[in-house]
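Chain by chain, the residues run as shown.
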Amino acid sequence: MLGGGGFAGAAWHGAVLAALDEAGWDARRADLVIGTSAGSNVAAVLRLGVPPADLLAGALGRPLSPEGASHAARAGGPMDLPAPKLGLARPVAPRLALRAVARPWRFNPLLALAGLLPTGRVPTAVIGDRIRATHDDPWPEDPTWICAVRMPEGRRTVFGRDVDADLATAVEASSAIPGYFAPVEHAGATYVDGGVHSPTNADLAAGLGFDIVVVSSPMSGTRAALRAGWTGARPLHRATLAREVRALRRHGTRVLVLQPGPEVVAAVGPSSMDPARRRRVAEVAHADVQAHLASPLVADRLDLLRS
């Protein structure tokens, strides 16, 4: 599971996947990869066969392997997002916000906020064109699910499971942050960022018969991180993730959760969309995850992954 989290989230994922590879498990072998928002971009690169070490090296600005360098050249270098386009725009789905308030027992604050935000104007092609340039096939051969939210219903949709599309379109839809990116139109429907439903969407793997699920969750935080001071929406995201992990465990699935500690949260700062913080986030996150994976508390799950 590769959760959302902007530039900082992508750097976090690179550190997580590299540390797991160093510990004996290559995520390219995963039976199923599920990505949301920033995680959908990383999932696309991972399914292309780019080594996990290159995901970290790219965030750190270090030399890449021949495979990684070839991918970077085809993609066109680091992603450069344009500034938001200002101006009046109608809310994405105001009725969705009203329905969320009217049904407090099912209230999702992220969904309600997404409905009230103005429709974004930045085209998602800045994301999708990189995937079109690097992927010769419309969808990876190995099972890959990409999470988005269909508007105006606010319904989670899983590309690769519920809806057929090319990978670039699916990642664009999963990454269409309300209020910034323009919603993505596909087959007569409109989609926005999958993080509107959940930053992790880990419950999608419940009941699928997996021995173990690895969740890389850049937008939540450890207990120590949440005690360190103001952490924005991280407590909400941690609570969402906890519900999803319980759903996995009810079906007998072991779960390895990797989420930022205090130093990583401090490195991310107030905005996960600041590209200038990528290198520092990757450095701190790599050390943080390495230390966690060395703990006896997760040795059983690492052994299961290695087997």
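See the structure printed just above.
Keep in mind that this is a model prediction, so the values were computed, not measured.

J.: How should I be thinking about helix 12 (residues 278–293) in this particular structure?
T.: The periodicity of an α-helix, 3.6 residues per turn, causes residues three or four positions apart to be oriented the same way. Along its 16 residues, helix 12 runs 22 Å from first to last C-alpha, staying within 8% of the 22 Å computed at 1.5 Å per residue. Buried within helix 12 are the following residues: Val281, Ala282, Val284, Ala285, His286, Val289 and Leu293. The secondary structure elements touched by the buried residues of helix 12 are helix 1 (6–22), helix 3 (52–60), strand 7 (254–258), helix 11 (262–268) and helix 13 (299–306).

J.: Hey, could you run me through the nonpolar core in this one?
T.: Note that soluble globular proteins tend to have their nonpolar side chains buried in a common cluster. Counting residues in hydrophobic clusters, the biggest one holds 63 residues, and the most contacted among them are Leu20, Phe159, Leu256, Leu258, Leu293 and Leu305. The dominant element in this core, judged by the number of residues it contributes, is helix 1, at 10 residues. Of all hydrophobic cores here, the second largest spans 15 residues; its members include Trp145, Cys147, Ala202 and Val213.

J.: Hey, could you run me through the side chain of Arg156 in this one?
T.: Mapping Arg156 onto the fold places it in strand 3 (residues 155–159). Polar side-chain contacts of Arg156 include one of 2.9 Å to the side chain of Asn201. Only 3.0 Å separates the side chain of Arg156 from the side chain of Asp203, close enough to count as a polar contact. Look past the residues within four positions of Arg156 in its chain and what remains in contact with it is Ala148, Val149, Asp162, His197, Asn201, Asp203 and Leu204.

J.: Even after reading the chapter, I still don't get the environment of Thr253, so can you show me in this structure?
T.: With respect to the element layout, Thr253 can be found in the loop between helix 10 (234–250) and strand 7. Along the backbone, Thr253 and Gly207 are 46 residues apart, and their C-alpha atoms lie at a distance of 8.1 Å.

J.: Hey, could you run me through the pairing of strand 6 (residues 212–216) in this one?
T.: The buried count for strand 6 comes to five of five residues, which makes it a mostly enclosed element. Neither face of strand 6 is exposed, since Ile212, Val214 and Ser216 on one face and Val213 and Val215 on the opposite face are all buried. Bridge analysis of strand 6 against strand 7 gives five bridges, and the strand direction is parallel. Looking across to strand 7, one finds that Val214 is bridged to Leu256.

J.: Explain the packing of aromatic side chains to me, please; I cannot follow it from the model alone.
T.: Aromatic ring pairs are described here by two measures, namely the spacing of the ring centres and the angle between the planes. Under the counting rule described, the total for this entry stands at two aromatic pairs. Centre to centre, the rings of Phe159 and Tyr191 are 5.1 Å apart; their planes meet at 65 degrees, and the pair counts as edge-to-face. Of the two residues, Phe159 is situated in strand 3 and Tyr191 in strand 5 (residues 189–193); the sequence distance between them amounts to 32 residues. Exposure remark for Phe159: the relative accessible area of 0% places this residue in the buried category. Residue classification places Tyr191 among the buried residues on the basis of a relative accessible area of 3%. Seen from their ring centres, Tyr180 and Phe181 are 4.6 Å apart, and the 80 degrees between their planes marks the pair as edge-to-face. Relative accessible area serves as the criterion here: at 15%, Tyr180 is assigned to the buried category. Since its relative accessible area comes to 3%, Phe181 is described here as buried.

J.: Could you clarify how one ought to interpret the side chain of His71 in this entry?
T.: By secondary structure assignment, the location of His71 is in helix 4 (residues 66–75). With relative accessibility at 14%, the residue His71 sits in the buried group.

J.: Honestly, unusual backbone geometry in this entry has me stumped. Any pointers?
T.: Trans is the common state for peptide bonds, and a negative phi is the common state for residues other than glycine. The peptide bond linking Met151 to Pro152 adopts the cis configuration, its omega dihedral lying at 5 degrees. Structurally, the position occupied by Pro152 is in the loop between strand 2 (144–151) and strand 3. Positive phi, close to 55 degrees, is recorded for Ser37, a residue that is not glycine. Using a relative accessible area of 8% as the deciding quantity, one classes Ser37 as buried. Non-glycine residue Asn201 carries a positive phi angle of around 55 degrees. When you line up the elements, Asn201 lands in the loop between strand 5 and strand 6.

J.: It is not clear to me how helix 10 should be interpreted in this structure. Could you clarify?
T.: Look at helix 10: 24 Å from first C-alpha to last across 17 residues, which is about the 24 Å you get at 1.5 Å a residue. Within two residues after helix 10, Gly252 carries a phi angle of roughly 80 degrees, on the positive side.

J.: Help me understand the pairing of strand 1 (residues 33–36), please; the structure alone is not making it clear to me.
T.: It is a general feature of regular strands that their side chains alternate between the two faces of the sheet. Of the two faces of strand 1, the one lined by Val33 and Gly35 and the one lined by Ile34 and Thr36 are each fully buried. Judged from the four bridges that link them, strand 1 and strand 2 form a sheet pairing that is parallel. Note that in strand 2 the partner of Ile34 across the bridge is Trp145.

J.: Sorry, what's going on with the environment of Ile146 here?
T.: You can see Ile146 is positioned in strand 2. For Ile146, a relative accessible area of 0% corresponds to the buried category. As for Ile146 and Val158, which are separated by 12 residues in sequence, their C-alpha atoms are 5.5 Å apart. Aside from chain neighbours lying at most four places away, what touches Ile146 is Gly35, Ser40, Ala43, Trp139, Thr157, Val158, Phe159, Leu167, Ala170, Val171 and Ser174.

J.: I tried to follow the packing of helix 7 (residues 125–134) against helix 8 (residues 167–174) on my own but got confused; where do I start?
T.: Between two packed helices, the angle of one axis relative to the other and the distance separating the axes together describe the packing. Closest axis-to-axis distance for the helix 7/helix 8 pair is 8 Å, and the angle between their directions is 150 degrees. As summarised for this structure, helix 7 and helix 8 are arranged roughly antiparallel, according to the angle between their axes. Considering how the two elements wind past one another, helix 7 and helix 8 form a crossing that is right-handed. The segment helix 7 lies against helix 8, with Ala125, Ile127, Gly128, Asp129, Ile131 and Arg132 engaging Leu167, Ala168, Thr169, Val171 and Glu172. Along the lines of polarity and charge, the residues of the contact of helix 7 with helix 8 split into six nonpolar, two polar and three charged.

What counts and how
- Residues numbered from 1 in each chain as written.
- Predicted model: local features only at pLDDT ≥ 70, side-chain atom pairs only at ≥ 80, totals over all residues.
- Heavy atoms only, no water.
- Helix = DSSP H or I, 4+ residues; strand = E, 2+ residues; numbered from the N terminus.
- Expected span 1.5 Å × (residues − 1).
- Buried < 20%, exposed > 50% of the residue type's maximum accessible area, 1.4 Å probe, protein only.
- Contact = heavy atoms within 4.5 Å.
- Core = buried A, V, L, I, M, F, W, Y, C linked by side-chain atoms within 4.5 Å.
- Polar contact = N/O pair within 3.5 Å; in protein donor to acceptor, adjacent residues only side chain to side chain.
- Pairing = 2+ DSSP bridges.
- Phe/Tyr/Trp six-rings, centres within 6.5 Å; stacked < 30°, edge-to-face > 60°.
- Axes fitted to C-alpha atoms, helices over the stretch in contact; angles between N-to-C directions.
- Parallel < 35°, antiparallel > 145°, perpendicular 65-115°, else oblique.
- Left-handed = near helix turned anticlockwise from the far one by under 90°.
- Nonpolar A, V, L, I, M, F, W, Y, C, P; charged D, E, K, R; others polar.

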